[in-house]
Amino acid sequence: DKNILESEIDVLIIGAGPSGLMAAYWMARCGVNARIVDKRGTKVFTGQADGLRCRTLEIFDSMGFQHRVLQEGHVAVEANFWVPDGRGNLTRQGPHCSRKVNESPFRNMLLNQGRIERFLLDSIREHSDLQVERGVIAEAFEYDSAKASDPDAHPIAVTLRTLSDEEANPSSLRAEGGPHKVASGVARGSLLQDDWEELLSKSRAKETRTEIVRCKYVIGCDGAHSWTRKQVNIPLEGSSTDHLWGVIDVVPITNFPDIRRLGTVTHPTGTILIIPRERNMVRLYVPVQAVEANVPGEGRHDRSKITLEMIKHRVQVILAPFTFDYKICDWWAAYQIGQRIAPTFSKDNRVFLAGDAVHTHSPKVGLGMNMSMQDGYNIGWKVALVAKGVAQSLILNTYDPERHRLAEMLLDFDRHWSGLFTESEDEEKAQSMIKVVEFFEDFADGRKSFYGPSPLVWKKHDDSGPTASASEGCNLIPGERLPPVKLRMQADGNVKWTTAILKSDGRFRVVALTGDLRASTQRSRVEALAKRLSSGRGSEKSLFDRYTSLTGIHDCALDVLAIHSGPWTEVEFFDFPDVFHPFDTVHGWNYDKIWCDDACPWDRDCDGTGYERWEVDRKRGAIAVIRPDQYVGWVGELEDVEEMIDYLDGILVTRPATA
Ligand code: FAD
């Protein structure tokens, strides 16, 4: 058919929800020949997910837009658990606050999914011309598995069709009347200006057309009913329960004193979860009594029978004797709990699945969006570096084991947590809730990731179990994120968290913890290290010339940092070997590679205890390689450069030897 266009591309992302946008960020950042399509005519504006865990904020910091969340979102650190007091009243148990709350620069926060998508879209635009093609559906798929092992092949053909305005914005999403077709219930007053402008520009009718796109890689981020997953015959395994839930985003009018605080209220017929949000809004997760939605004669519950009025009534019953009402409802939905997971997240390392496409669970754990974004973040840099010829394709093998294990933990957490919300008169409920939260918090907040040994995670001992301790005798553990620390820049004394220093720019980082340079023996060790880094292995001029780079973006696949432990006044910038302050005749010295773990008199977070937190000897130091996603890949002594090069050689593509 002459009307069907054909094209070729390296990476196609299907779905522009949180996981797809995260993967798209890497494509934009690394200059990959990529496209991202979504069948919806617009992004999400109201409702859906709203919880942000501190690890997600650390990632945003390295991407450069965490400040937008801090500005608009709502901090939720302490939780209160209200229970009946036996005399017809409710009483507060709490507040409960995580003991580890200060182990991240960030706190858990709450903000509407639509805003998170906005920040991701803006960040993508900042780095490239990549734009979400909206109102474009993926609807046919062909895969030639015989070509899977040829790195230059485009074994997947996806047919994309541009939808008509009617199809991309179904009537359930459109407002009645008005000059513009906008999502139901979305009023101008409830949108910020940047979202409102996009909504208007996206609602124009488009020409329909069909295109066959041949791709090297496809990342399916197309949600719980994933079309991509079905094309590669990967099932979702698990089950759903009979429990029906309502969720509402309202501006409440109530005399319940903790309505602006995170917490739960328990009642013999179920527990509600209260989530305070931006702009005076509060989200309530409400168990809707099964009987109210019973399908007559079938003994089953029908989600479509649940009404907003029914949910409001349930809140009034559970909150009594406090009153509850509202005038403004921004969004509401009814859902049924199901816990499902796909047995594998990839097909032949050519088609990858991320987010809700491979794991679904109840929204009450506040992790759906976080896990989905972290999946997209994990697969995104790997596919981007392989597509650009910077990393070897074997790193793609690590996506499934790294993320599948966490998805299983997520479902386990959900089973424990959601189980506590159903009908019961358990007086110990508040205590049980605290125990479940404490048991899962390292995982849920992202302080531990449990990534096992692989070419990307060099473990000297196989300690891949969830109880693994520091394998190399310090708290820089391969497979875990670098514990965040605030440091001072040697050259100008400014302070920054490592989460911001370790930018998500597609580079691996050689982080030399150079110890205390006031001792001459240590200075000699650091000079020997610098000499070794500057000589590489084989014929290249230095280690930094050994590997191919992201052409046009970075000169080198590796970045180097020095973090020393002496007082900044007693160690000078030029005491460091050249490799830590490269020079060019136009821009002068590069000042931002040398950092100091020294206390800052005007910033309490920068207390000079980084080495202690990393459990690294302040005098002798250590050296680590940090992956592009801030996870520790390899750790050793300053003299272990040969082993470090072995680690890097197992991941990166070396440049052809020059004669
Ligand atoms: P999604 O955000 O679902 O994005 C998938 C995208 O793929 C969609 O935009 C879709 O249009 C697109 N797509 C699908 N098929 C195709 C195709 N064939 N071609 C092109 N595009 C396609 N989480 C919570 O934590 N709390 C909540 O209260 C909550 N409520 C929710 C309510 C609703 C109605 C929904 C749908 C989700 C809710 N979630 C909630 C879940 C949360 O939104 C998800 O965990 C998160 O959005 C997952 O991100 P994702 O990118 O994996 O998938």
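Use the structure listed above.
One structure accompanies this document, and this report is about it.

Conventions used here
- Residues numbered from 1 in each chain as written.
- Predicted model: local features only at pLDDT ≥ 70, side-chain atom pairs only at ≥ 80, totals over all residues.
- Heavy atoms only, no water.
- Near = heavy atom within 4 Å.
- Polar contact = N/O pair within 3.5 Å; in protein donor to acceptor, adjacent residues only side chain to side chain.
- Areas by Shrake-Rupley, 256 points an atom, 1.4 Å probe, with all protein chains shown as cover.
- Nonpolar A, V, L, I, M, F, W, Y, C, P; charged D, E, K, R; others polar.
- Helix = DSSP H or I, 4+ residues; strand = E, 2+ residues; numbered from the N terminus.
- Buried < 20%, exposed > 50% of the residue type's maximum accessible area, 1.4 Å probe, protein only.
- Phe/Tyr/Trp six-rings, centres within 6.5 Å; stacked < 30°, edge-to-face > 60°.
- Lys NZ or Arg CZ within 6 Å of the ring centre and 35° of its normal.
- Salt bridge = Lys/Arg side-chain N within 4 Å of Asp/Glu carboxyl O.
- Pairing = 2+ DSSP bridges.
- Patch = residues over 30% accessible without salt bridge, like charges linked within 9 Å, V, L, I, M, F, W, Y side chains within 5 Å.
- Axes fitted to C-alpha atoms, helices over the stretch in contact; angles between N-to-C directions.
- Contact = heavy atoms within 4.5 Å.
- 1 Å grid on protein atoms, 1.4 Å probe; cavity = no way out; pocket = protein on both sides within 12 Å on 5 of 7 lines; lining within 4 Å.
- Points joined across faces, edges and corners; volume = space filled by probe spheres on them.
- Domains from an automatic or database assignment.

**Details of the site of the ligand**
In the neighbourhood of the ligand, 27 residues make up the surrounding shell, with Ser19, Asp38, Gln113, Arg283 and Tyr285 lying closest. In this structure, a nitrogen atom belonging to the ligand sits 3.0 Å away from a main-chain N or O atom of Lys39. Here an oxygen atom of the ligand and a side-chain polar atom of Gln48 are 3.1 Å apart. For the ligand, whose free accessible area comes to 980 Å², the fraction covered by protein is 82%. Here the shell around the ligand is composed, by residue class, of 12 nonpolar, 9 polar and 6 charged.

**Topic: the side chain of Glu58**
Mapped onto the elements, Glu58 comes out in helix H2 (residues 54-63). Given a relative accessible area of 1%, Glu58 falls into the buried group.

**Describing the packing of aromatic side chains**
Per the stated rule, a full pass over the model turns up 22 aromatic pairs. Measuring from centroid to centroid gives 6.4 Å for Phe65 and Phe119, while their planes differ by 55°, and the two rings are tilted. Residue Phe65 is found in the loop between H2 and helix H3 (66-72), and its partner Phe119 is found in helix H4 (residues 113-127); the two are separated by 54 residues along the sequence. Here Phe65 and Phe119 have matching classes, each one buried. Here the guanidinium or amino end of Lys312 rests over the ring plane of Tyr326, the centre of that ring lying 5.5 Å away. Sitting above the plane of the Tyr217 ring, Arg350 keeps its charged end 5.1 Å from the centroid.

**Some points on the pattern of salt bridges**
Summed over the entire model, instances satisfying the criterion amount to 52 salt bridges. Between Glu6 and Arg214 there is a salt bridge, with its nearest N and O atoms 2.9 Å apart. In this pair, Glu6 is assigned in strand E1 (residues 5-14) and Arg214 in strand E11 (residues 210-220), connecting sequence segments 208 residues apart. Residue classification places Glu6 among the exposed positions, given a relative accessible area of 54%.

**Points about the sheet that holds strand E4 (residues 74-75)**
What the 3 strands build is an open sheet, ordered E3-E7-E4; its pairing is antiparallel. A strand with exactly one partner marks an edge of an open sheet, and here the two such strands are strand E3 (51-52) and E4. Here E4 runs beside strand E7 (residues 109-110); their pairing, made up of 2 bridges, is antiparallel. Bridge pairing in E7 places His74 opposite Leu110.

**With respect to a nonpolar patch on the surface**
Together, Phe574, Phe583, Trp589 and Tyr591 give the surface a local cluster of nonpolar side chains, amounting to about 440 Å² of exposed area. Inspection of the secondary structure puts Phe583 in strand E26 (residues 583-584).

**Brief notes about the sheet that holds strand E28 (residues 594-596)**
Taken in spatial order, the 7 strands line up as E23-E22-E28-E25-E24-E31-E32 in an open sheet, and their pairing is mixed. At either margin of the open sheet sits one strand with a lone partner, and together these are strand E23 (495-497) and strand E32 (632-636). Averaged over neighbouring strand pairs, the angle between their axes works out to 30° when direction is ignored. Where helix H13 (residues 520-533) meets the sheet, it contacts strand E24 (508-515), strand E25 (558-564) and strand E31 (622-626), and its direction lies at approximately 160° from that of E24. Against the sheet, helix H15 (residues 641-649) contacts E24, E25, E31 and E32, and its axis sits at roughly 160° relative to E32.

**Regarding empty space enclosed by the protein**
Taken as a whole, this structure holds 7 cavities of 30 Å³ or more when the rule is applied. In this structure, the largest cavity occupies an estimated 620 Å³ of space. Lining the largest cavity are 34 residues, and of these Arg53, Ala76, Asn108, Leu262 and Val437 lie nearest its centre. The set of elements that each furnish at least two residues to the lining of the largest cavity consists of E3, strand E5 (78-84), strand E6 (90-97), E7, strand E13 (263-267), strand E14 (270-276), helix H10 (399-419) and helix H11 (429-445). Class assignment for the residues of the lining of the largest cavity results in 19 nonpolar, 7 polar and 8 charged. Two domains each provide a minimum of three residues to the lining of the largest cavity, namely domain 1 (5-79 + 109-236 + 340-399) and domain 2 (245-337). As a volume, the second largest cavity reaches approximately 90 Å³. Looking at the second largest cavity, it is lined by 15 residues, and the ones nearest its centre are Gln374, Leu406, Phe443, Gly446 and Lys448. Looking at the lining of the second largest cavity, the elements with two or more residues in it are helix H9 (368-387), H10 and H11. Tallied by class, residues from the lining of the second largest cavity come to 6 nonpolar, 4 polar and 5 charged.

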